[in-house]
Amino acid sequence: MTAAERLAEITGRIAEACRRAGRDPREVELLAVSKTFPPAAVRELAEAGQLLFGENRVQEAEPKIAALPARLRWHLVGHLQRNKVRRALPLFEAFHGVDSLRLARELADTAAELGLFPRIYLEVNVAGEETKFGFRPADLRAAWPELLEMPRLEIQGLMAIPPPAEDPRDARRWFVALQDLRDRLAQDGGVSLPGLSMGMSADFEVAVEEGSTLVRVGTALFGGRRRAEESDELAP
Ligand SMILES: *Cc1c(COP(=O)(O)O)cnc(C)c1O
């Protein structure tokens, strides 16, 4: 399959999932996660019409972004170390791995210095897994008032990576849990919190059925990725 065919296939599956759930496909953005794939692969997808891309490491993203057309838009999907915030802020329009108050403060303070207003998704460890990044739901509710006081951060909503599962339908309860938490935070804060960054290659259709507004799809769009590179990004 060509890049254009893979893109059409994924877009079609998103539209089908929307149809099943009675949603408008325009409510769901597709983030093409290009980590580990070379600039040439990104360029092919861009030529097929995909302009929104995601990377999970600042070091890898920096030269890739520089090598590609400026009209592409980039999100950081992975864990961000505080000492990389200053380098990362000018590269990405959104950050999906904001998983602690300390990181949020660092982003807010540095964004103020640089004159930026980054969009962020708060990462939630929905299943309370020991090995995963993200706020525990109760900790996020406790941190919420302070997060709302950070005017530099445009908080879009929540992001989660559910526990690995054989059957993508097993992820459904975690997507529902993320949506419930989002609704509760929106109510507690009296704010609208529209974004739900959830769904990857294996489970994006289930995520769309459960309200995802942004799916992060890598391998299904780009083809296979080497195991060793894949294994170290979800755990601390
Ligand atoms: C790698 C990655 C993805 C994409 O994963 P695929 O299974 O290749 O679709 C999505 N989100 C995050 C946070 C990732 O690190």
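**So, the overall build of the chain**
When its secondary structure is counted, the chain shows ten helices and eight strands. Taking 2.2 N^0.38 as the reference for a compact globule, 236 residues should give roughly 18 Å; the C-alpha atoms of the chain span a radius of gyration of 17 Å, in line with that estimate. Over its C-alpha atoms, taken along the principal directions, the chain stretches across nearly 50 × 40 × 35 Å. Per-residue burial for the chain yields a buried fraction of 50% across its 236 residues.

**Considerations on helix α1 (residues 3-21)**
For α1, with 19 residues, the first-to-last C-alpha span of 27 Å sits near the 27 Å given by 1.5 Å per residue. Within the sequence span of α1, burial applies to A3, R6, L7, I10, I14, A17 and C18. The arc enclosing the buried residues of α1, seen along the axis, measures out at 115 degrees, which places them on a common side. Turning to α1, the residues buried within the fold contact β1 (29-33), α2 (39-47), α8 (204-209), β8 (214-217) and α9 (219-222).

**Some thoughts on the site of the ligand**
Surrounding the ligand, one finds 13 residues, the nearest of these being K35, S201, R216, G218 and T219. Note that an oxygen atom of the ligand is positioned 2.7 Å from one of the side-chain N or O atoms of K35. One of the backbone N or O atoms of T219 is found 2.8 Å from an oxygen atom in the ligand. Taking 390 Å² as the accessible area of the ligand by itself, protein coverage stands at 94%. A class-by-class count of the residues in the shell around the ligand yields six nonpolar, three polar and four charged.

**A look at the nonpolar core**
Nonpolar side chains tend to gather and get buried jointly when the protein is soluble and globular. Of all hydrophobic cores here, the largest spans 68 residues; its most connected members are L122 and L147. L122 has contacts with V98, F135, L140, W144, L147, I155, G157, L158 and M159, leaving out every residue within four places of it along the chain. Grouped together as the second largest cluster of nonpolar side chains are nine residues, L31, L52, A94 and M159 included.

**Some details on the packing of helix α5 (residues 101-114) against helix α6 (residues 137-148)**
Where α5 meets α6, the axes come as close as 11 Å, and the angle between the chain directions of the two elements is 10 degrees. Here α5 lies roughly parallel to α6, going by the angle between them. Across the interface between the two elements, L101, A104 and R105 of α5 pack against A143, E146 and L147 of α6. In terms of residue class, the contact of α5 with α6 is built from four nonpolar, no polar and two charged.

**Concerning the pairing of strand β6 (residues 154-159)**
A large share of β6 lies buried, amounting to five of its six residues. Relative to β6, strand β5 (residues 119-123) runs parallel, the two being bridged by five bridges. Its bridge partner lying in β6, R119 is registered against E154. Two strands pair when backbone bridges link them, and β6 and strand β7 (residues 195-197) are joined in this way by three bridges, in the parallel orientation. Of the residues in β7, the one forming a bridge with M159 is S197. Crossover handedness for the path β6 to helix α7 (residues 172-189) to β7: right-handed.

The rules behind the values
- Residues numbered from 1 in each chain as written.
- Predicted model: local features only at pLDDT ≥ 70, side-chain atom pairs only at ≥ 80, totals over all residues.
- Heavy atoms only, no water.
- Helix = DSSP H or I, 4+ residues; strand = E, 2+ residues; numbered from the N terminus.
- Rg over C-alpha atoms; globule rule 2.2 N^0.38 Å.
- Buried < 20%, exposed > 50% of the residue type's maximum accessible area, 1.4 Å probe, protein only.
- Expected span 1.5 Å × (residues − 1).
- Arc of directions from axis to C-beta.
- Contact = heavy atoms within 4.5 Å.
- Near = heavy atom within 4 Å.
- Polar contact = N/O pair within 3.5 Å; in protein donor to acceptor, adjacent residues only side chain to side chain.
- Areas by Shrake-Rupley, 256 points an atom, 1.4 Å probe, with all protein chains shown as cover.
- Nonpolar A, V, L, I, M, F, W, Y, C, P; charged D, E, K, R; others polar.
- Core = buried A, V, L, I, M, F, W, Y, C linked by side-chain atoms within 4.5 Å.
- Axes fitted to C-alpha atoms, helices over the stretch in contact; angles between N-to-C directions.
- Parallel < 35°, antiparallel > 145°, perpendicular 65-115°, else oblique.
- Pairing = 2+ DSSP bridges.
- Right-handed = clockwise from strand over helix to strand, strands pointing away.

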